[in-house]
Amino acid sequence: MKVVVVGAGYAGTMAANRIARRARGAQVTLVNPRPDFVERIRLHELIAGSGGASRPLAAMLRESVTLRVAAAQKIGDGVVALTDGDAIDFDRLVYAAGGTVVAPEGAFAVGAVDDARRAADQLANLPTDARVDVVGGGLTGIETTTEVASERPDLRVRLITDGPVAPSLGRRARARVAAVLDRLGVETVRAEWNSPGDAALTLWAVARQVSELAEASGLEVDTDGRMVVDASLRSVSDARLYAVGDAAAVPGSRMSCQAAIPQGAHAADAIARESRNRAPKPYSMGFTAQCVSLGRRDGVVQRVHRDDSPAGAWLGGRAAAFVKEQVCRSTVVATRSSQYAWMPGPS
Ligand SMILES: Cc1cc2nc3c(=O)[nH]c(=O)nc-3n(C[C@H](O)[C@H](O)[C@H](O)COP(=O)(O)OP(=O)(O)OC[C@H]3O[C@@H](n4cnc5c(N)ncnc54)[C@H](O)[C@@H]3O)c2cc1C
């Protein structure tokens, strides 16, 4: 069975390795535009200069997985066309092209590695007292703001959001985030952002866009461009395709590596079942926590119900920073080893 995996993020790398390990006689080709595995959940560290966010993909993949460095341009009838003019046949394809954040003019997208690298260079050269604006009051915006403010206390850092800060957290965890922003001297501006103004650097932490490949290939997508899937994560347009991670419209899911990794694993297991002439099982996954770093030495871990709504328990401070760091490390271990177990979703 020829299997092509499009996208080597958390979902795609997990899927490729797990198919190679579990599916009978599968030849797996992983297509990705660069030879690196980008740890998107560390891009705010890359920007602030407190950490790195990429490692060679070759070191992440099982020997039997063939890495093809190119971008997929169009998914057709059992064949995927690549930007370098080549095309690859497949019996099954896992669509894991993830998020493609494009920042407005004058801003850098936190979730796009090339933008993050440019922003890091610019930030490193900013003089004392320069103003940095971070746009977006969700978890990525908070992680970016606190990382920059704690690494560069000499700068004036603002968090700009047209909605509440950290709306997905519970009341006490939200209060803790507000207290840390205050301690770091961050000014929170409740307004709709429309231009960089006199900010020396603007970081765009609003991440709702996904790859346009599914739509460009004529496959059914939702209003955000995510591939619409059935209960087993198969495309409703073509049962040979599975969609996973940020690029898949999975009901009840959230754009996160917490969801991307089990979805990649599930698609692999479904293909392994098909390789034994068995039908794929329905996908089910329950969330456990929302982990937020607040610089390298602080953080918040919000326990959540399986449907991702906040539960009462939460953890703050150094202990939470430690937990978050272990979670980040475990994503790499899981995708590389392709070993992962998860809780079923709410009934
Ligand atoms: C700063 C930051 C912090 C975050 N923190 C957390 C966190 O703490 N916890 C959490 O759960 N989530 C977090 N997230 C969200 C998380 O990073 C994403 O939800 C996750 O990366 C989704 O994984 P994925 O595999 O679907 O997509 P991605 O990781 O985006 O990978 C997609 C891959 O597909 C490739 N690709 C794109 N187009 C093509 C194409 N046409 N052909 C071939 N390949 C293609 C890309 O180059 C990329 O390698 C964070 C995000 C950011 C930006």
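What counts and how
- Residues numbered from 1 in each chain as written.
- Predicted model: local features only at pLDDT ≥ 70, side-chain atom pairs only at ≥ 80, totals over all residues.
- Heavy atoms only, no water.
- UniProt positions renumbered as here; feature names shortened; annotations may be inferred.
- Helix = DSSP H or I, 4+ residues; strand = E, 2+ residues; numbered from the N terminus.
- Rg over C-alpha atoms; globule rule 2.2 N^0.38 Å.
- Buried < 20%, exposed > 50% of the residue type's maximum accessible area, 1.4 Å probe, protein only.
- Contact = heavy atoms within 4.5 Å.
- Salt bridge = Lys/Arg side-chain N within 4 Å of Asp/Glu carboxyl O.
- Pairing = 2+ DSSP bridges.
- Right-handed = clockwise from strand over helix to strand, strands pointing away.
- Core = buried A, V, L, I, M, F, W, Y, C linked by side-chain atoms within 4.5 Å.

In the nomenclature of an unreviewed UniProt entry, the protein is known as FAD-dependent oxidoreductase of Gordonia hydrophobica. Among the UniProt annotations of the protein, the heading Sequence similarities (unreviewed entry) holds the following wording: "Belongs to the FAD-dependent oxidoreductase family."

Some details on the overall build of the protein
Looking only at helices and strands, the protein features eight helices and 20 strands. In terms of overall dimensions, the protein is globule-like: its C-alpha atoms have a radius of gyration of 20 Å, near the 20 Å expected for 347 residues. Across its three principal axes, the protein shows a C-alpha extent of roughly 60 × 45 × 35 Å. Residues counted as buried form 54% of the 347 residues belonging to the protein. Put simply, of all contacts in the protein between residues at least 6 apart along the chain, 66% involve residues at least 24 apart.

Examining the pattern of salt bridges
Under the definition given, this model contains 30 salt bridges. The partner of Asp-133 in a salt bridge is Arg-158, with the nearest N and O atoms 2.9 Å apart. Within this pair, whereas Asp-133 is found in strand S11 (residues 131-135), its partner Arg-158 is found in strand S12 (residues 156-161), the two being separated by 25 residues in sequence. Assessed through its relative accessible area of 1%, Asp-133 is described here as buried. Note that Asp-224 and Arg-226 form a salt bridge whose closest N and O atoms lie 3.2 Å from each other. You can call Asp-224 partly exposed: its relative accessible area is 41%. Beyond isolated ion pairs, a larger network of salt bridges with shared partners links Glu-39, Arg-42, Glu-45, Arg-55, Glu-147, Arg-296, Glu-325 and Arg-329.

Digging into the pairing of S11
The buried fraction of S11 is high, at five of five residues. Here S11 pairs with S12 via five bridges, running parallel. Within S12, the residue paired with Val-134 across the bridge is Leu-159. What joins S11 to S12 is helix H4 (residues 139-151), and the crossover it makes is right-handed. Pairing analysis gives four bridges linking S11 to strand S14 (residues 201-204), with the strands arranged parallel. Across the sheet, the residue bridging to Val-135 is Trp-204, located in S14.

Details of the side chain of Ser-338
Within the secondary structure, Ser-338 sits in the segment after helix H8 (317-337). Judged by its relative accessible area of 0%, Ser-338 is buried. Among all residues touching Ser-338, those that are not within four sequence positions of it are Met-14, Asn-17, Arg-18, Arg-21 and Val-333.

Notes on the nonpolar core
Of all hydrophobic cores here, the largest spans 64 residues; its most connected members are Val-4, Ile-19, Ile-75, Val-80, Leu-93, Val-94 and Tyr-95. Broken down by element, the residue count for this core peaks at ten residues, all from helix H7 (residues 257-275). With residues near it in sequence (within four places) discarded, Ile-75 still touches Val-80, Phe-90, Leu-93, Tyr-95, Leu-213, Ser-217, Leu-219 and Leu-241. Formed by 36 residues, the second largest nonpolar core is a distinct cluster that contains Val-110, Val-113, Ala-130 and Leu-139.

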